[in-house]
Amino acid sequence: MHVEDFEAAAMPHLADLYRSASLLIRDSSEAEDLVQEVYLEAWKSFHRFEPGTNCRAWLFKILFHRLHHVRRRLIKASRVEAFASPGGEDNFMAEPPVPQDIRDEDVLLALAKVPMEFRETVLMADVEEFSYREIAETMRIPLGTVMSRLSRGRKLLRAELAEVARSFGIKQRGKGAGQGESA
Amino acid sequence: MNVLNFDSKQCERVRRQLDAYLSNELLVETTSEVLRHLESCEACSLELDARMRLRKALRKAADQRVPPEHLREAISRRLRREQPGLFGEFRVIPWAVALASLVLVVVAAQQGFRLQRGRQLVSSVLAIGVSDHIQCAIKGHNYPQVASPPDQLRKKLGPEYAGLLPIVQEKLPAFQVLEAHICQVPGSSRNYVHFITRGQGTILSVILTRREGESLPSGRFLVASAPAGVDLYKAQLEGMNVAGFESNEYFGFVVSDLGQDEMVRIATGLAPALRDALNKGAGTEKAATPGFQIDFVSIGYNSAWAARKWDGQSVA
(Lines give C-alpha, C1' and ligand atoms only; values in the text may rest on other atoms or scores of the structure.)
Protein backbone atom coordinates (compact mmCIF):
# COMPACT_ATOMS: atom_id res chain seq x y z
CA MET A 1 0.00 0.00 0.00
CA HIS A 2 1.60 3.22 -1.14
CA VAL A 3 0.98 6.68 0.14
CA GLU A 4 0.75 7.82 -3.47
CA ASP A 5 -2.26 5.51 -4.02
CA PHE A 6 -3.89 6.95 -0.97
CA GLU A 7 -3.22 10.51 -2.07
CA ALA A 8 -4.56 9.82 -5.55
CA ALA A 9 -7.82 8.60 -4.04
CA ALA A 10 -8.19 11.04 -1.16
CA MET A 11 -6.51 14.35 -1.98
CA PRO A 12 -8.98 15.41 -4.70
CA HIS A 13 -11.51 15.84 -1.88
CA LEU A 14 -9.38 18.20 0.20
CA ALA A 15 -11.20 21.36 -0.89
CA ASP A 16 -14.60 19.85 -0.07
CA LEU A 17 -13.51 18.62 3.33
CA TYR A 18 -11.91 21.92 4.22
CA ARG A 19 -14.94 23.86 3.04
CA SER A 20 -17.28 21.91 5.29
CA ALA A 21 -14.85 21.83 8.22
CA SER A 22 -14.36 25.59 8.07
CA LEU A 23 -18.12 26.16 8.06
CA LEU A 24 -18.62 23.89 11.05
CA ILE A 25 -15.70 25.12 13.14
CA ARG A 26 -15.32 28.79 13.80
CA ASP A 27 -11.55 28.83 14.13
CA SER A 28 -9.84 28.30 10.78
CA SER A 29 -6.67 26.81 12.24
CA GLU A 30 -8.80 24.27 14.12
CA ALA A 31 -10.55 23.44 10.86
CA GLU A 32 -7.14 22.84 9.26
CA ASP A 33 -6.13 20.60 12.15
CA LEU A 34 -9.36 18.65 11.82
CA VAL A 35 -8.83 18.08 8.10
CA GLN A 36 -5.26 16.94 8.74
CA GLU A 37 -6.50 14.50 11.37
CA VAL A 38 -9.12 13.16 8.97
CA TYR A 39 -6.46 12.44 6.37
CA LEU A 40 -4.16 10.77 8.87
CA GLU A 41 -6.93 8.58 10.21
CA ALA A 42 -8.02 7.69 6.69
CA TRP A 43 -4.46 6.75 5.77
CA LYS A 44 -4.10 4.57 8.83
CA SER A 45 -7.26 2.68 7.96
CA PHE A 46 -6.82 2.77 4.22
CA HIS A 47 -6.63 -1.03 4.20
CA ARG A 48 -10.31 -1.00 5.13
CA PHE A 49 -11.26 1.21 2.24
CA GLU A 50 -12.60 -0.68 -0.75
CA PRO A 51 -11.37 0.70 -4.06
CA GLY A 52 -14.26 1.70 -6.23
CA THR A 53 -16.48 2.71 -3.33
CA ASN A 54 -17.17 6.33 -2.48
CA CYS A 55 -13.92 7.76 -1.09
CA ARG A 56 -15.44 11.20 -0.61
CA ALA A 57 -18.28 9.83 1.54
CA TRP A 58 -15.78 7.75 3.51
CA LEU A 59 -13.65 10.83 4.26
CA PHE A 60 -16.71 12.82 5.34
CA LYS A 61 -17.72 9.97 7.60
CA ILE A 62 -14.36 10.21 9.34
CA LEU A 63 -14.71 13.99 9.48
CA PHE A 64 -18.05 13.80 11.25
CA HIS A 65 -16.91 11.05 13.53
CA ARG A 66 -14.02 13.20 14.73
CA LEU A 67 -16.10 16.35 14.84
CA HIS A 68 -18.76 14.73 17.00
CA HIS A 69 -16.13 13.20 19.23
CA VAL A 70 -14.54 16.59 19.84
CA ARG A 71 -17.88 18.26 20.33
CA ARG A 72 -19.10 15.70 22.84
CA ARG A 73 -16.14 16.63 24.98
CA LEU A 74 -16.63 20.36 24.63
CA ILE A 75 -20.37 20.72 24.81
CA LYS A 76 -22.28 19.07 27.55
CA ALA A 77 -25.70 20.56 27.01
CA SER A 78 -27.32 19.93 23.66
CA ARG A 79 -29.50 22.50 22.05
CA VAL A 80 -31.11 20.07 19.67
CA GLU A 81 -34.19 19.34 21.73
CA ALA A 82 -35.20 22.98 21.93
CA PHE A 83 -35.17 23.29 18.16
CA ALA A 84 -36.40 19.87 17.21
CA SER A 85 -39.48 19.80 19.38
CA PRO A 86 -42.59 18.98 17.38
CA GLY A 87 -44.36 21.86 19.06
CA GLY A 88 -42.30 24.15 16.86
CA GLU A 89 -44.13 23.05 13.71
CA ASP A 90 -43.80 25.79 11.16
CA ASN A 91 -46.48 27.75 9.52
CA PHE A 92 -45.31 26.88 6.05
CA MET A 93 -47.34 29.65 4.46
CA ALA A 94 -45.58 32.38 6.43
CA GLU A 95 -41.91 31.95 5.63
CA PRO A 96 -39.72 35.04 5.72
CA PRO A 97 -38.75 36.46 2.32
CA VAL A 98 -35.41 35.63 0.73
CA PRO A 99 -33.61 38.75 -0.56
CA GLN A 100 -32.96 38.92 -4.30
CA ASP A 101 -29.29 39.76 -3.87
CA ILE A 102 -27.61 37.95 -1.09
CA ARG A 103 -24.08 38.80 -0.04
CA ASP A 104 -21.75 35.91 0.75
CA GLU A 105 -20.89 37.31 4.15
CA ASP A 106 -24.57 37.56 5.07
CA VAL A 107 -25.23 33.93 4.23
CA LEU A 108 -22.17 32.81 6.16
CA LEU A 109 -23.18 34.95 9.12
CA ALA A 110 -26.68 33.47 9.04
CA LEU A 111 -25.32 29.95 8.64
CA ALA A 112 -23.09 30.37 11.68
CA LYS A 113 -26.19 31.06 13.75
CA VAL A 114 -27.93 27.85 12.74
CA PRO A 115 -27.47 25.19 15.44
CA MET A 116 -24.82 22.65 14.57
CA GLU A 117 -26.99 19.59 13.96
CA PHE A 118 -29.04 21.44 11.37
CA ARG A 119 -26.09 23.28 9.87
CA GLU A 120 -24.29 19.99 9.24
CA THR A 121 -27.25 18.50 7.43
CA VAL A 122 -27.88 21.58 5.29
CA LEU A 123 -24.20 21.68 4.30
CA MET A 124 -24.15 18.00 3.43
CA ALA A 125 -27.27 18.28 1.27
CA ASP A 126 -27.08 21.74 -0.27
CA VAL A 127 -23.34 22.38 -0.51
CA GLU A 128 -21.74 18.95 -0.68
CA GLU A 129 -24.75 17.51 -2.53
CA PHE A 130 -24.84 14.14 -0.85
CA SER A 131 -28.02 12.09 -1.16
CA TYR A 132 -30.25 11.58 1.87
CA ARG A 133 -29.01 8.01 2.16
CA GLU A 134 -25.38 9.04 2.00
CA ILE A 135 -25.97 11.69 4.66
CA ALA A 136 -27.67 9.14 6.91
CA GLU A 137 -24.72 6.77 6.57
CA THR A 138 -22.07 9.45 6.91
CA MET A 139 -23.59 11.09 9.96
CA ARG A 140 -24.91 7.82 11.40
CA ILE A 141 -28.45 9.08 11.81
CA PRO A 142 -31.75 7.62 10.52
CA LEU A 143 -33.05 8.71 7.12
CA GLY A 144 -36.08 10.34 8.72
CA THR A 145 -33.80 12.45 10.90
CA VAL A 146 -31.90 13.61 7.82
CA MET A 147 -35.13 14.76 6.24
CA SER A 148 -36.45 16.55 9.30
CA ARG A 149 -33.10 18.21 10.08
CA LEU A 150 -32.71 19.36 6.50
CA SER A 151 -36.20 20.83 6.39
CA ARG A 152 -35.74 22.53 9.75
CA GLY A 153 -32.20 23.63 8.94
CA ARG A 154 -33.20 25.31 5.70
CA LYS A 155 -35.99 27.16 7.50
CA LEU A 156 -33.67 28.26 10.28
CA LEU A 157 -31.10 29.47 7.77
CA ARG A 158 -33.76 31.43 5.97
CA ALA A 159 -35.01 33.01 9.17
CA GLU A 160 -31.46 33.93 10.23
CA LEU A 161 -30.73 35.39 6.82
CA ALA A 162 -33.86 37.54 7.00
CA GLU A 163 -32.73 38.70 10.42
CA VAL A 164 -29.22 39.51 9.18
CA ALA A 165 -30.64 41.33 6.17
CA ARG A 166 -32.94 43.31 8.41
CA SER A 167 -30.26 44.26 10.90
CA PHE A 168 -27.89 45.36 8.16
CA GLY A 169 -30.59 47.37 6.53
CA ILE A 170 -30.46 45.58 3.28
CA LYS A 171 -33.32 46.65 1.14
CA GLN A 172 -34.96 44.07 -0.95
CA ARG A 173 -34.96 44.87 -4.59
CA GLY A 174 -37.56 43.51 -6.87
CA LYS A 175 -41.02 43.84 -5.56
CA GLY A 176 -42.88 40.67 -4.87
CA ALA A 177 -39.96 38.32 -5.37
CA GLY A 178 -39.80 35.84 -2.57
CA GLN A 179 -42.89 37.33 -0.99
CA GLY A 180 -45.49 35.17 -2.61
CA GLU A 181 -45.38 32.87 0.33
CA SER A 182 -46.45 35.51 2.82
CA ALA A 183 -50.02 35.48 1.63
CA MET B 1 -48.62 42.22 -5.16
CA ASN B 2 -50.81 39.72 -6.85
CA VAL B 3 -53.83 38.38 -5.14
CA LEU B 4 -53.10 34.73 -4.90
CA ASN B 5 -55.90 32.36 -5.24
CA PHE B 6 -54.64 28.97 -4.22
CA ASP B 7 -55.96 25.73 -2.99
CA SER B 8 -54.35 25.75 0.43
CA LYS B 9 -54.52 21.98 0.90
CA GLN B 10 -52.85 21.38 -2.43
CA CYS B 11 -50.26 24.07 -1.67
CA GLU B 12 -49.58 22.60 1.74
CA ARG B 13 -49.03 19.16 0.26
CA VAL B 14 -46.67 20.47 -2.41
CA ARG B 15 -44.68 22.63 -0.01
CA ARG B 16 -44.07 19.66 2.20
CA GLN B 17 -42.49 18.04 -0.85
CA LEU B 18 -40.35 21.02 -1.81
CA ASP B 19 -37.38 20.07 0.36
CA ALA B 20 -37.18 16.64 -1.22
CA TYR B 21 -37.85 18.18 -4.63
CA LEU B 22 -34.92 20.58 -4.19
CA SER B 23 -32.66 17.66 -3.23
CA ASN B 24 -33.90 15.60 -6.15
CA GLU B 25 -35.14 12.91 -3.79
CA LEU B 26 -38.74 12.61 -4.97
CA LEU B 27 -40.21 9.73 -6.86
CA VAL B 28 -40.85 10.46 -10.52
CA GLU B 29 -44.61 10.39 -10.00
CA THR B 30 -44.46 12.85 -7.12
CA THR B 31 -42.11 15.11 -9.05
CA SER B 32 -44.56 15.40 -11.91
CA GLU B 33 -47.37 16.10 -9.46
CA VAL B 34 -45.31 18.91 -7.92
CA LEU B 35 -44.42 20.30 -11.33
CA ARG B 36 -48.06 20.30 -12.42
CA HIS B 37 -49.00 22.28 -9.33
CA LEU B 38 -46.13 24.73 -9.76
CA GLU B 39 -47.27 25.52 -13.27
CA SER B 40 -50.61 26.69 -12.03
CA CYS B 41 -49.73 28.17 -8.64
CA GLU B 42 -47.75 31.37 -8.60
CA ALA B 43 -47.38 31.42 -4.82
CA CYS B 44 -45.73 28.01 -4.68
CA SER B 45 -43.65 28.80 -7.73
CA LEU B 46 -42.32 31.94 -6.01
CA GLU B 47 -41.66 29.92 -2.89
CA LEU B 48 -39.60 27.43 -4.88
CA ASP B 49 -37.67 30.31 -6.46
CA ALA B 50 -36.93 31.69 -3.01
CA ARG B 51 -35.64 28.35 -1.76
CA MET B 52 -33.51 27.81 -4.84
CA ARG B 53 -32.10 31.31 -4.53
CA LEU B 54 -31.12 30.64 -0.94
CA ARG B 55 -29.48 27.34 -1.78
CA LYS B 56 -27.55 28.87 -4.65
CA ALA B 57 -26.38 31.72 -2.45
CA LEU B 58 -25.26 29.25 0.21
CA ARG B 59 -23.22 27.25 -2.29
CA LYS B 60 -21.62 30.36 -3.68
CA ALA B 61 -20.72 31.64 -0.22
CA ALA B 62 -19.40 28.26 0.90
CA ASP B 63 -17.11 28.14 -2.12
CA GLN B 64 -15.28 31.14 -0.72
CA ARG B 65 -13.77 28.83 1.85
CA VAL B 66 -10.76 27.39 0.08
CA PRO B 67 -7.98 25.47 1.82
CA PRO B 68 -4.84 27.51 2.46
CA GLU B 69 -1.87 26.78 0.22
CA HIS B 70 0.18 25.09 2.92
CA LEU B 71 -2.49 22.59 3.98
CA ARG B 72 -1.97 20.13 1.14
CA GLU B 73 1.76 20.03 1.76
CA ALA B 74 1.34 19.75 5.51
CA ILE B 75 -0.93 16.72 5.03
CA SER B 76 1.48 15.10 2.57
CA ARG B 77 4.35 15.53 4.99
CA ARG B 78 2.42 14.02 7.88
CA LEU B 79 1.18 11.09 5.79
CA ARG B 80 4.75 10.18 4.98
CA ARG B 81 5.73 10.23 8.63
CA GLU B 82 2.91 7.95 9.73
CA GLN B 83 2.72 4.22 9.22
CA PRO B 84 -0.38 2.92 7.51
CA GLY B 85 -2.65 0.32 9.09
CA LEU B 86 -1.12 -2.95 10.27
CA PHE B 87 -2.69 -5.01 7.56
CA GLY B 88 -1.73 -2.59 4.87
CA GLU B 89 1.86 -3.50 5.65
CA PHE B 90 1.07 -7.15 5.04
CA ARG B 91 0.86 -6.53 1.37
CA VAL B 92 4.23 -4.85 1.25
CA ILE B 93 6.39 -7.07 3.45
CA PRO B 94 4.44 -10.26 4.14
CA TRP B 95 7.42 -12.19 5.48
CA ALA B 96 8.43 -9.51 7.95
CA VAL B 97 4.90 -9.36 9.28
CA ALA B 98 4.55 -13.15 9.35
CA LEU B 99 7.73 -13.25 11.40
CA ALA B 100 6.46 -10.49 13.65
CA SER B 101 3.19 -12.33 14.19
CA LEU B 102 5.11 -15.49 15.06
CA VAL B 103 7.13 -13.52 17.60
CA LEU B 104 3.89 -12.11 18.98
CA VAL B 105 2.49 -15.61 19.36
CA VAL B 106 5.63 -16.78 21.15
CA VAL B 107 5.56 -13.76 23.44
CA ALA B 108 1.85 -14.23 24.03
CA ALA B 109 2.45 -17.90 24.79
CA GLN B 110 5.20 -17.04 27.28
CA GLN B 111 3.07 -14.45 28.99
CA GLY B 112 0.20 -16.87 28.89
CA PHE B 113 1.79 -19.09 31.49
CA ARG B 114 1.31 -16.36 34.02
CA LEU B 115 -2.31 -15.84 33.20
CA GLN B 116 -5.17 -17.86 34.47
CA ARG B 117 -5.91 -20.91 32.45
CA GLY B 118 -9.49 -19.93 31.79
CA ARG B 119 -8.64 -16.56 30.33
CA GLN B 120 -5.96 -18.16 28.21
CA LEU B 121 -8.37 -20.67 26.89
CA VAL B 122 -10.93 -18.02 25.96
CA SER B 123 -8.32 -15.94 24.14
CA SER B 124 -6.74 -18.84 22.34
CA VAL B 125 -10.08 -20.12 21.12
CA LEU B 126 -11.28 -16.68 20.07
CA ALA B 127 -7.91 -16.08 18.35
CA ILE B 128 -8.85 -18.85 15.92
CA GLY B 129 -11.74 -16.78 14.66
CA VAL B 130 -9.66 -13.62 14.47
CA SER B 131 -6.88 -15.42 12.62
CA ASP B 132 -9.31 -16.90 10.12
CA HIS B 133 -10.98 -13.52 9.56
CA ILE B 134 -7.68 -11.73 9.00
CA GLN B 135 -6.17 -14.40 6.78
CA CYS B 136 -9.13 -15.15 4.57
CA ALA B 137 -11.26 -12.00 4.53
CA ILE B 138 -8.92 -9.09 5.24
CA LYS B 139 -5.53 -10.21 4.01
CA GLY B 140 -6.74 -12.72 1.44
CA HIS B 141 -9.62 -10.49 0.32
CA ASN B 142 -11.50 -13.61 -0.74
CA TYR B 143 -14.77 -11.90 -1.51
CA PRO B 144 -16.26 -10.14 -4.50
CA GLN B 145 -17.23 -6.46 -4.51
CA VAL B 146 -20.75 -7.45 -5.48
CA ALA B 147 -22.42 -10.20 -3.48
CA SER B 148 -22.45 -13.61 -5.13
CA PRO B 149 -25.97 -14.91 -5.86
CA PRO B 150 -27.46 -17.01 -3.03
CA ASP B 151 -27.65 -20.20 -5.08
CA GLN B 152 -23.96 -19.95 -5.85
CA LEU B 153 -23.20 -19.44 -2.15
CA ARG B 154 -25.36 -22.43 -1.21
CA LYS B 155 -23.43 -24.53 -3.70
CA LYS B 156 -20.13 -23.45 -2.20
CA LEU B 157 -21.36 -24.29 1.27
CA GLY B 158 -22.57 -27.73 0.25
CA PRO B 159 -25.72 -29.42 1.54
CA GLU B 160 -24.48 -29.59 5.13
CA TYR B 161 -24.12 -25.87 5.64
CA ALA B 162 -26.34 -24.29 2.95
CA GLY B 163 -29.20 -24.06 5.45
CA LEU B 164 -27.17 -21.62 7.55
CA LEU B 165 -27.07 -18.96 4.82
CA PRO B 166 -30.62 -17.64 5.32
CA ILE B 167 -30.04 -17.53 9.08
CA VAL B 168 -26.95 -15.36 8.70
CA GLN B 169 -28.74 -13.13 6.23
CA GLU B 170 -31.78 -12.74 8.45
CA LYS B 171 -29.93 -12.18 11.71
CA LEU B 172 -27.49 -9.64 10.28
CA PRO B 173 -29.97 -7.20 8.72
CA ALA B 174 -27.37 -4.42 8.51
CA PHE B 175 -24.92 -6.60 6.60
CA GLN B 176 -24.87 -8.11 3.15
CA VAL B 177 -23.42 -11.59 2.68
CA LEU B 178 -20.82 -11.18 -0.06
CA GLU B 179 -19.29 -14.62 0.11
CA ALA B 180 -19.68 -17.98 1.82
CA HIS B 181 -17.37 -20.96 1.55
CA ILE B 182 -15.53 -23.63 3.45
CA CYS B 183 -11.87 -22.99 4.20
CA GLN B 184 -9.21 -25.58 4.80
CA VAL B 185 -6.31 -24.57 7.05
CA PRO B 186 -3.12 -25.91 5.45
CA GLY B 187 -1.01 -28.14 7.65
CA SER B 188 -4.01 -28.90 9.81
CA SER B 189 -7.09 -31.05 9.49
CA ARG B 190 -9.23 -28.10 10.48
CA ASN B 191 -11.94 -26.69 8.21
CA TYR B 192 -14.12 -23.75 8.88
CA VAL B 193 -17.33 -22.40 7.43
CA HIS B 194 -16.85 -18.76 6.53
CA PHE B 195 -19.48 -16.11 5.79
CA ILE B 196 -17.98 -12.77 4.70
CA THR B 197 -20.37 -9.85 5.01
CA ARG B 198 -20.19 -6.12 4.44
CA GLY B 199 -22.04 -3.44 6.39
CA GLN B 200 -21.58 -0.50 8.76
CA GLY B 201 -18.63 0.55 6.66
CA THR B 202 -16.57 -2.56 7.24
CA ILE B 203 -16.14 -6.28 6.61
CA LEU B 204 -17.50 -8.72 9.18
CA SER B 205 -16.90 -12.48 9.26
CA VAL B 206 -19.04 -15.22 10.72
CA ILE B 207 -16.92 -18.31 11.24
CA LEU B 208 -17.93 -21.79 12.37
CA THR B 209 -15.42 -24.48 13.13
CA ARG B 210 -15.56 -27.85 14.88
CA ARG B 211 -14.67 -27.87 18.57
CA GLU B 212 -12.81 -31.18 18.38
CA GLY B 213 -13.20 -31.73 22.09
CA GLU B 214 -12.24 -28.19 23.12
CA SER B 215 -14.71 -26.04 25.00
CA LEU B 216 -14.93 -22.57 26.42
CA PRO B 217 -14.91 -22.27 30.21
CA SER B 218 -18.13 -21.28 31.94
CA GLY B 219 -18.63 -18.84 34.80
CA ARG B 220 -16.86 -15.52 35.08
CA PHE B 221 -15.39 -15.56 31.59
CA LEU B 222 -18.79 -14.99 30.06
CA VAL B 223 -19.54 -11.49 28.89
CA ALA B 224 -23.21 -11.94 28.21
CA SER B 225 -25.89 -14.56 28.10
CA ALA B 226 -28.18 -14.13 25.13
CA PRO B 227 -31.92 -14.39 25.87
CA ALA B 228 -32.06 -17.85 24.31
CA GLY B 229 -29.39 -19.04 26.72
CA VAL B 230 -26.32 -18.82 24.52
CA ASP B 231 -23.18 -17.87 26.39
CA LEU B 232 -21.01 -15.28 24.71
CA TYR B 233 -17.32 -14.55 25.05
CA LYS B 234 -15.46 -11.56 23.75
CA ALA B 235 -11.89 -10.48 23.15
CA GLN B 236 -9.90 -7.85 21.36
CA LEU B 237 -7.07 -9.40 19.39
CA GLU B 238 -4.90 -8.14 16.54
CA GLY B 239 -6.93 -4.95 16.31
CA MET B 240 -10.17 -6.90 15.82
CA ASN B 241 -13.08 -7.47 18.14
CA VAL B 242 -14.46 -10.97 18.32
CA ALA B 243 -17.49 -12.44 20.03
CA GLY B 244 -17.66 -16.22 20.33
CA PHE B 245 -20.13 -18.91 21.32
CA GLU B 246 -20.40 -22.68 21.09
CA SER B 247 -22.88 -25.30 20.02
CA ASN B 248 -22.67 -29.02 20.78
CA GLU B 249 -20.01 -29.53 18.14
CA TYR B 250 -18.93 -26.11 16.91
CA PHE B 251 -17.36 -22.86 17.93
CA GLY B 252 -18.91 -19.80 16.33
CA PHE B 253 -17.14 -16.46 15.93
CA VAL B 254 -18.29 -13.06 14.79
CA VAL B 255 -15.27 -10.90 13.95
CA SER B 256 -14.73 -7.36 12.65
CA ASP B 257 -13.08 -4.09 13.60
CA LEU B 258 -16.33 -2.67 14.96
CA GLY B 259 -16.50 -1.81 18.68
CA GLN B 260 -16.70 -4.53 21.29
CA ASP B 261 -20.19 -3.67 22.46
CA GLU B 262 -21.43 -3.66 18.89
CA MET B 263 -19.91 -7.07 18.26
CA VAL B 264 -21.55 -8.49 21.37
CA ARG B 265 -24.85 -6.99 20.23
CA ILE B 266 -24.52 -8.52 16.77
CA ALA B 267 -23.52 -11.90 18.20
CA THR B 268 -26.43 -11.78 20.64
CA GLY B 269 -28.81 -11.59 17.68
CA LEU B 270 -27.09 -14.24 15.63
CA ALA B 271 -25.78 -16.87 18.07
CA PRO B 272 -29.03 -18.50 19.30
CA ALA B 273 -30.35 -19.21 15.79
CA LEU B 274 -27.00 -20.52 14.54
CA ARG B 275 -26.49 -22.68 17.59
CA ASP B 276 -29.98 -24.15 17.29
CA ALA B 277 -29.50 -24.90 13.60
CA LEU B 278 -26.14 -26.56 14.26
CA ASN B 279 -27.54 -28.60 17.12
CA LYS B 280 -30.49 -29.66 14.99
CA GLY B 281 -28.24 -31.20 12.42
CA ALA B 282 -26.63 -28.60 10.16
CA GLY B 283 -23.04 -29.65 9.66
CA THR B 284 -23.41 -32.98 11.44
CA GLU B 285 -21.38 -34.76 8.80
CA LYS B 286 -17.73 -33.86 8.86
CA ALA B 287 -16.91 -31.50 6.02
CA ALA B 288 -14.21 -33.79 4.68
CA THR B 289 -14.94 -32.84 1.09
CA PRO B 290 -15.91 -29.20 1.17
CA GLY B 291 -17.63 -27.81 -1.88
CA PHE B 292 -15.16 -24.99 -2.26
CA GLN B 293 -11.74 -24.36 -0.85
CA ILE B 294 -9.61 -21.30 -0.50
CA ASP B 295 -5.97 -21.78 -1.33
CA PHE B 296 -4.03 -20.11 1.44
CA VAL B 297 -0.60 -20.91 0.04
CA SER B 298 -0.95 -18.05 -2.39
CA ILE B 299 -1.59 -15.54 0.38
CA GLY B 300 1.11 -16.70 2.78
CA TYR B 301 -1.17 -18.16 5.43
CA ASN B 302 0.56 -18.56 8.74
CA SER B 303 -0.39 -22.19 9.16
CA ALA B 304 2.00 -22.84 12.02
CA TRP B 305 0.24 -20.20 14.06
CA ALA B 306 -3.27 -21.34 13.28
CA ALA B 307 -2.47 -25.02 13.82
CA ARG B 308 -0.64 -24.28 17.02
CA LYS B 309 -3.51 -22.35 18.47
CA TRP B 310 -5.92 -24.98 17.35
CA ASP B 311 -3.91 -27.75 18.96
CA GLY B 312 -4.16 -25.83 22.19
CA GLN B 313 -0.40 -25.71 22.60
CA SER B 314 -0.48 -22.11 23.72
CA VAL B 315 -2.68 -23.15 26.61
CA ALA B 316 -0.57 -24.55 29.36
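Bear in mind that the values here come from a model prediction, so they are computed numbers and not experimental data.

Caption draft 1: The overall build of chain A, seen in detail. Helices and strands together make up the secondary structure of chain A, namely nine helices and zero strands. What you see in chain A, going N to C, is helices and strands ordered as α-α-α-α-α-α-α-α-α. Within chain A, the proportion of its 183 residues that are buried is 54%. For chain A, the share of sequence-separated contacts (at least 6 apart) that also reach a separation of at least 24 residues comes to 76%. Working note: accessible area of chain A is about 8,700 Å², and carbon and sulfur atoms make up 53% of it.

Caption draft 2: The arrangement of the overall build of chain B in detail. Of the regular secondary structure elements, chain B holds eleven helices and seven strands. Within chain B, the fraction of its 316 residues that count as buried is 50%. Long-range pairs, those at least 24 residues apart, make up 68% of the contacts in chain B with a sequence separation of at least 6. Looking at chain B as shown, the accessible area adds up to about 15,400 Å², and 52% of this sits on carbon and sulfur atoms.

Caption draft 3: Seen up close, the state of the cysteines. Taken as a whole and assessed by the stated rule, the structure comprises zero disulfides over all chains. Considering cysteine sulfurs only, Cys183(B) is the nearest to Cys136(B), which forms no disulfide, with 3.7 Å between them.

Caption draft 4: Local environment of the nonpolar core. Counting residues in each nonpolar core, the largest one holds 78 residues, and the members touching the most others are Phe6(A), Tyr39(A), Trp58(A) and Leu59(A). Setting aside residues up to four positions removed in sequence, Leu59(A) forms contacts with Ala10(A), His13(A), Leu17(A), Val38(A), Tyr39(A) and Ala42(A). Val168(B), Phe245(B), Leu258(B) and Leu274(B) belong to the second largest nonpolar core, which has 34 residues in total.

Caption draft 5: Highlighting helix α2 (residues 28-40) of chain B. Over its 13 residues, α2(B) runs 19 Å from end to end, which matches the ideal 18 Å to within 8%, given 1.5 Å per residue. Taken together, the buried residues of α2(B) touch α1 (8-22) and α3 (42-62) of chain B.

Caption draft 6: Representation of the confidence of the model for chain B in the model. Residues and elements named next belong to chain B. The predicted model of chain B averages 77 in pLDDT, with 71% of residues at 70 or higher. Confidence, expressed as mean pLDDT per element, reaches its minimum in chain B at helix α11 (residues 303-310) with 40 and its maximum at α3 with 94. Contacts from residues 1-5, a stretch scored under 50 in pLDDT, to residues over four places away or in other chains number seven contacts. Overall fold confidence (pTM) sits at 0.50, and the ipTM for the predicted complex is 0.84.

Caption draft 7: Expanded view of the packing of helix α6 (residues 104-113) of chain A against helix α9 (residues 143-167) of chain A. Residue and element names in this part refer to chain A. It is at 8 Å that the axes of α6 and α9 come closest, and there the two elements cross at 125°. Between α6 and α9, the interaxial angle falls into the category oblique. The element α6 and its partner α9 pack so that their crossing is right-handed. Contacts from Asp106, Val107, Leu109, Ala110, Leu111 and Lys113 in α6 reach Leu157, Glu160, Leu161 and Val164 in α9. Here the residues of the contact of α6 with α9 sort into seven nonpolar, no polar and three charged.

Caption draft 8: The arrangement of the interface of chain B and chain A in detail. With 58 residues of chain B at the contact, the number on the chain A side is 58 residues. Interface area for chain B against chain A, summed over the two sides, is near 5,300 Å², with a carbon-plus-sulfur share of 59%. The tally of links between chain B and chain A comes to eleven salt bridges. A salt bridge links Lys60(B) to Asp104(A); its shortest N-O distance comes to 3.0 Å. Sort the elements by how many residues they give to the side of chain B that touches chain A and α3(B) lands first, with 14 residues. Classifying every residue of the side of chain B that touches chain A gives 26 nonpolar, twelve polar and 20 charged.

Caption draft 9: Local environment of the side chain of His181(B). Along the chain, the position of His181(B) falls in strand β1 (residues 176-184). At 2.8 Å, the side chain of His181(B) and the side chain of Glu179(B) are in polar contact.

Caption draft 10: Molecular detail of the pattern of salt bridges. Following the criterion strictly, the structure yields 31 salt bridges over all chains and no others. When the shortest N-O distance is used, the salt bridge between Glu12(B) and Arg16(B) registers 2.9 Å. You can see Glu12(B) and its partner Arg16(B) sitting in helix α1, four residues apart, about one turn around the helix. In this structure, Glu47(B) engages Arg51(B) in a salt bridge whose closest nitrogen and oxygen atoms are separated by 2.6 Å. A residue pair is termed a helical-turn pair when its members lie 3 or 4 positions apart in one helix, as Glu47(B) and Arg51(B) do in helix α3 at four residues. By relative accessible area, Glu47(B) is classed as buried at 0%. Taken together, the salt bridges that share partners define one network made up of Glu95(A), Asp126(A), Arg154(A), Arg158(A), Asp19(B), Glu47(B), Arg51(B) and Arg55(B).

Caption draft 11: Structural view of the confidence of the model for chain A. Residue and element names in this part refer to chain A. Taken over all residues, the pLDDT of chain A has a mean of 82, while the share at 70 or more is 79%. Ignoring residues within four places in sequence, the model shows residues 76-89, a span with pLDDT below 50, making eleven contacts including any to other chains. Counting interchain partners and residues more than four positions distant, the pLDDT-below-50 stretch residues 172-183 has 33 contacts.

Caption draft 12: Region of the structure containing the packing of aromatic side chains. All names here are of chain A. One pass over the structure, following the stated rule, counts ten aromatic pairs over all chains. Ring centres 6.4 Å apart and planes at 80° place the aromatic pair Phe6 and Tyr39 in the edge-to-face group. Note that Phe6 is positioned in helix α1 (residues 3-10) and Tyr39 in helix α3 (residues 28-44), a separation of 33 residues in sequence. Relative accessible area serves as the criterion here: at 0%, Phe6 is assigned to the buried category. A ring pair is formed by Phe46 and Phe49, whose centres lie 5.9 Å apart and whose planes are at 10°; its orientation type is stacked. For the pair formed by Phe46 and Phe49, the shared burial category is buried. An aromatic cluster is present here, built from Phe6, Tyr39, Trp43, Phe46, Phe49 and Trp58 joined pairwise through their rings.

Parameters and conventions
- Residues numbered from 1 in each chain as written.
- Chains lettered and ligands numbered in written order.
- Predicted model: local features only at pLDDT ≥ 70, side-chain atom pairs only at ≥ 80, totals over all residues.
- Heavy atoms only, no water.
- Helix = DSSP H or I, 4+ residues; strand = E, 2+ residues; numbered from the N terminus.
- Buried < 20%, exposed > 50% of the residue type's maximum accessible area, 1.4 Å probe, protein only.
- Contact = heavy atoms within 4.5 Å.
- Areas by Shrake-Rupley, 256 points an atom, 1.4 Å probe, with all protein chains shown as cover.
- Disulfide = S-S within 2.5 Å.
- Core = buried A, V, L, I, M, F, W, Y, C linked by side-chain atoms within 4.5 Å.
- Expected span 1.5 Å × (residues − 1).
- pLDDT = per-residue confidence, 0-100.
- Axes fitted to C-alpha atoms, helices over the stretch in contact; angles between N-to-C directions.
- Parallel < 35°, antiparallel > 145°, perpendicular 65-115°, else oblique.
- Left-handed = near helix turned anticlockwise from the far one by under 90°.
- Nonpolar A, V, L, I, M, F, W, Y, C, P; charged D, E, K, R; others polar.
- Buried area = accessible area lost by both parts, 1.4 Å probe.
- Salt bridge = Lys/Arg side-chain N within 4 Å of Asp/Glu carboxyl O.
- Polar contact = N/O pair within 3.5 Å; in protein donor to acceptor, adjacent residues only side chain to side chain.
- Phe/Tyr/Trp six-rings, centres within 6.5 Å; stacked < 30°, edge-to-face > 60°.

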